[in-house]
2 protein chains.
Amino acid sequence: MKSEDKKTKRKEDVKKTILDAAKKLFVEEGYQSASIRKIAAEIGVSPTTIYLYYKDKSDIAYALHQEGFLLLKTLFSSLISVEDPFERLKAIGRTYIRFALEHPDFYELMFMMKEPMDHLDSESEEECWEEGKQVFEFLMYTIGECQQKGYFEGSDLSSTALQSWATVHGLCSLFISTHLQKVGEECLSQEDTELLLETAFKTYVHFLEQTKNNHK
Amino acid sequence: MKSEDKKTKRKEDVKKTILDAAKKLFVEEGYQSASIRKIAAEIGVSPTTIYLYYKDKSDIAYALHQEGFLLLKTLFSSLISVEDPFERLKAIGRTYIRFALEHPDFYELMFMMKEPMDHLDSESEEECWEEGKQVFEFLMYTIGECQQKGYFEGSDLSSTALQSWATVHGLCSLFISTHLQKVGEECLSQEDTELLLETAFKTYVHFLEQTKNNHK
DNA sequence: TCAAAAAATTAACACTGTTAATATTTTTAA
DNA sequence: TTAAAAATATTAACAGTGTTAATTTTTTGA
């Protein structure tokens with residue numbers, strides 16, 4: 001019915017309003033500090049109203065997590081045009097790193113925190129991690145094409161994808177958790193942490209290049 | 001003076017008692033859940049007493065962080081006997097992974113959380129990250145020896161060390177944040193996450209082997 | 001023994017997520 | 001149009017958090 005649709009639409013609008021307020025506070029002062037009460041105050045409703053639209057705080061965390069993946073997928077979508085698979089793989093890595101550096105809060109929510117993940121488990125109907133799935137499958141597809149060009153010989157697709165994701169994620173998460181800064185200061189006398197990250201990534205790419213079988 | 005020593009010794013004893021209680025709760029139910037009040041109740045003192053021995057909760061977090069590094073260093077110390085540097089490098093990786101899987105809470109505190117790191121910054125006299133430094137330098141030393149045997153040619157020491165740390169850390173942190181589980185279920189139809197981690201590590205080692213210049 | 005110093009406590013502040021009970025507003029049907 | 005029903009929002013409260021100021025208890029040294 002028409003009125004039914006209108007109702008659910010309005011409900012969706014309120015959900016969006018709440019999420020926007022949550023996002024604003026989240027980006028400005030981090031997840032922990034974006035409390036239910038602050039979100040409510042931001043849009044001028046009582047704290048309990050939030051619970052009429054979101055099950056709990058981790059539900060909001062998951063919604064933001066999804067927004068983050070939407071953004072990352074947008075960034076990745078322009079890389080489909082890169083024809084050479086190894087060039088595309090490098091571009092995926094660079095884009096991923098740029099995303100982490102420009103949106104550290106989102107990165108934390110998407111790849112470092114347990115909370116939005118817990119929400120997925122508790123969800124009825126086993127709602128799957130569609131967003132993450134798509135991103136990972138794009139990586140796997142690209143690596144598969146690289147293999148056909150002679151890269152990563154003798155290694156299976158999933159391990160290679162997992163391993164390359166882990167490498168770049170490792171660098172990004174060490175950056176965000178400030179561990180990279182500390183190692184830079186204490187061990188490497190290098191304060192420019194972004195450069196450190198960049199260089200380590202290049203070293204990794206160099207290793208990958210050496211896996212190429214040139215007879216193919 | 002003797003009485004002075006006794007006094008500071010007793011003070012240290014109480015600090016240790018508090019830390020042990022904190023560690024117990026921390027290992028049993030995680031950092032967030034190990035509240036000041038619970039720690040105090042555990043040893044039968046009032047919550048405010050804790051603040052006479054530790055500046056704040058992040059101070060306790062840092063003390064536990066140090067305990068974790070002590071344990072990791074103990075595990076690493078037995079690897080000095082491994083003569084072949086590449087074998088030693090592999091052993092370091094395996095030991096690191098085993099540590100992460102067996103002590104996920106400590107791993108989180110040591111390598112994933114910002115809180116203990118913040119404490120280092122706020123510390124007067126710029127107390128340096130000695131524990132982490134030692135571990136990283138052991139890695140660098142080993143990689144340096146690998147280079148002399150023809151591995152990692154054309155890559156500088158610090159980038160290679162950083163990159164290999166990031167790879168293994170990436171795998172461990174994705175395991176702990178449950179992201180690896182989700183990718184295993186959704187994309188790879190592989191529920192055995194530890195096996196997934198293991199295999200990805202082996203793939204990485206295989207890549208490293210291919211960097212060897214056999215003419216040396 | 002008694003004053004000074006040290007150590008521990010109680011009470012309180014300002015928060016947090018979350019729920020039950022209540023009130024208000026909107027929608028539906030007579 | 002108006003009364004009942006449904007949806008929506010609110011207040012009050014619970015049980016917890018880290019942390020500090022003021023106060024009391026205990027220990028120490030002369």
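Residues numbered from 1 in each chain as written. Chains lettered and ligands numbered in written order. Predicted model: local features only at pLDDT ≥ 70, side-chain atom pairs only at ≥ 80, totals over all residues. Heavy atoms only, no water.

## Looking at the packing of aromatic side chains
Here is the rule: Aromatic rings from Phe, Tyr and Trp, with only the six-membered ring used for Trp, were paired whenever their centres fell within 6.5 Å, and each pair was classed as stacked if the ring planes differed by under 30 degrees, edge-to-face if by over 60, and tilted otherwise. The secondary structure listing takes helices from DSSP runs of H or I that are at least 4 residues long and strands from runs of E that are at least 2 residues long, numbered from the N terminus. Think of it in three bands: residues with accessible area under 20% of the maximum for their type are buried, residues over 50% are exposed, and the middle band is partly exposed, with areas taken using a 1.4 Å probe on protein chains only.
On inspection of all chains with the given rule, the structure shows 24 aromatic pairs over all chains. Judged by centre distance (5.3 Å) and plane angle (80 degrees), the ring pair of A:Phe26 and A:Phe106 falls under edge-to-face. Of the two residues, A:Phe26 sits in helix α1 (residues 2–29) while A:Phe106 sits in helix α6 (residues 104–112), which places them 80 residues apart along the sequence. Overall, the relative accessible area of 2% leaves A:Phe26 in the buried class. Overall, A:Phe106 belongs to the buried group, its relative accessible area being 9%. Ring centres of B:Phe69 and B:Phe111 lie 5.4 Å apart, and the angle between their planes is 65 degrees; this geometry places the pair in the edge-to-face category. Of the two residues, B:Phe69 is situated in helix α4 (residues 57–77) and B:Phe111 in helix α6 (residues 104–112); the sequence distance between them amounts to 42 residues. By relative accessible area, which is 1% here, B:Phe69 ends up buried. A residue is classified by how much of its surface remains accessible, and B:Phe111, at 2% relative accessible area, is buried.

## A closer look at the relation of the copies chain A and chain B
Heads up, the rule is: Least-squares superposition of the copies uses the C-alpha atoms of those residues scoring a pLDDT of at least 70 in each of them. Here, residues are in contact when the closest pair of their heavy atoms is within 4.5 Å.
Superposing chain A onto chain B requires a rotation of 180 degrees together with a translation of 0.0 Å along the rotation axis, leaving an RMSD of 0.1 Å. Both chain copies can therefore be described as sitting about a two-fold axis. Comparing interface residues between copies, 100% of those in chain A also sit at the interface in chain B, which points to an isologous, same-surface contact.

## Re the packing of helix α10 (residues 179–186) of chain A against helix α11 (residues 193–209) of chain A
Residue and element names in this part refer to chain A. The cut-off we apply is this: Axis definition: a line fitted to C-alpha atoms, limited for helices to the stretch in contact. Angles are taken between N-to-C directions and run from 0 to 180 degrees. Angle categories are assigned with fixed cut-offs, so that under 35 degrees is roughly parallel, over 145 is roughly antiparallel, 65 to 115 is roughly perpendicular, and the rest are oblique. Three classes are used: nonpolar for Ala, Val, Leu, Ile, Met, Phe, Trp, Tyr, Cys and Pro, charged for Asp, Glu, Lys and Arg, and polar for all others, with Gly counted as polar.
At a minimum axis separation of 9 Å, α10 and α11 run at an interaxial angle of 95 degrees. Of the possible angle classes, the one that applies to α10 and α11 is roughly perpendicular. Facing α10, whose interface residues are Leu180, Gln181 and Gly184, α11 presents Thr193, Leu196 and Leu197. A class-by-class count of the residues in the contact of α10 with α11 yields three nonpolar, three polar and no charged.

## Notes on the protein's contact with DNA strand D
Defined as follows: Being near a molecule or strand, for a residue, means having at least one of its heavy atoms within 4 Å of it. Pairing of N or O atoms within 3.5 Å defines a polar contact, subject to two protein rules: one partner must be a possible hydrogen donor and the other a possible acceptor, and residues neighboring in sequence count only if both atoms are side-chain atoms.
Near DNA strand D, the surroundings consist of 18 residues, among which A:Thr49, A:Tyr53, B:Arg10, B:Arg37 and B:Thr48 are the closest. Backbone atoms, meaning sugar and phosphate, make up 47% of the atoms of DNA strand D lying within 4 Å of the protein. The backbone of B:Ile36 places a nitrogen or oxygen atom 3.0 Å from a phosphate oxygen of DNA strand D. Interatomic distance of 2.6 Å between a side-chain N/O atom of B:Arg37 and a base nitrogen of DNA strand D. Listing elements by their share of the surface near DNA strand D, those giving two or more residues are α3 (47–53) of chain A together with α1 (2–29), α2 (36–43) and α3 (47–53) of chain B. Of all the elements, α3(A) adds the most residues to the surface near DNA strand D, at four residues. Looking at side-chain class alone, the surface near DNA strand D contains five nonpolar, six polar and seven charged residues.

## Here we look at the nonpolar core
Selection rule: Grouping buried Ala, Val, Leu, Ile, Met, Phe, Trp, Tyr and Cys residues that are joined through side-chain atoms within 4.5 Å yields what is termed a nonpolar core.
Core analysis: the largest hydrophobic core is formed by 142 residues, its most contacted members being A:Phe136 and B:Phe136. Here B:Phe136 is in contact with A:Val183, A:Cys187, A:Leu188, B:Ala161, B:Leu162 and B:Trp165, once residues within four sequence places are set aside.

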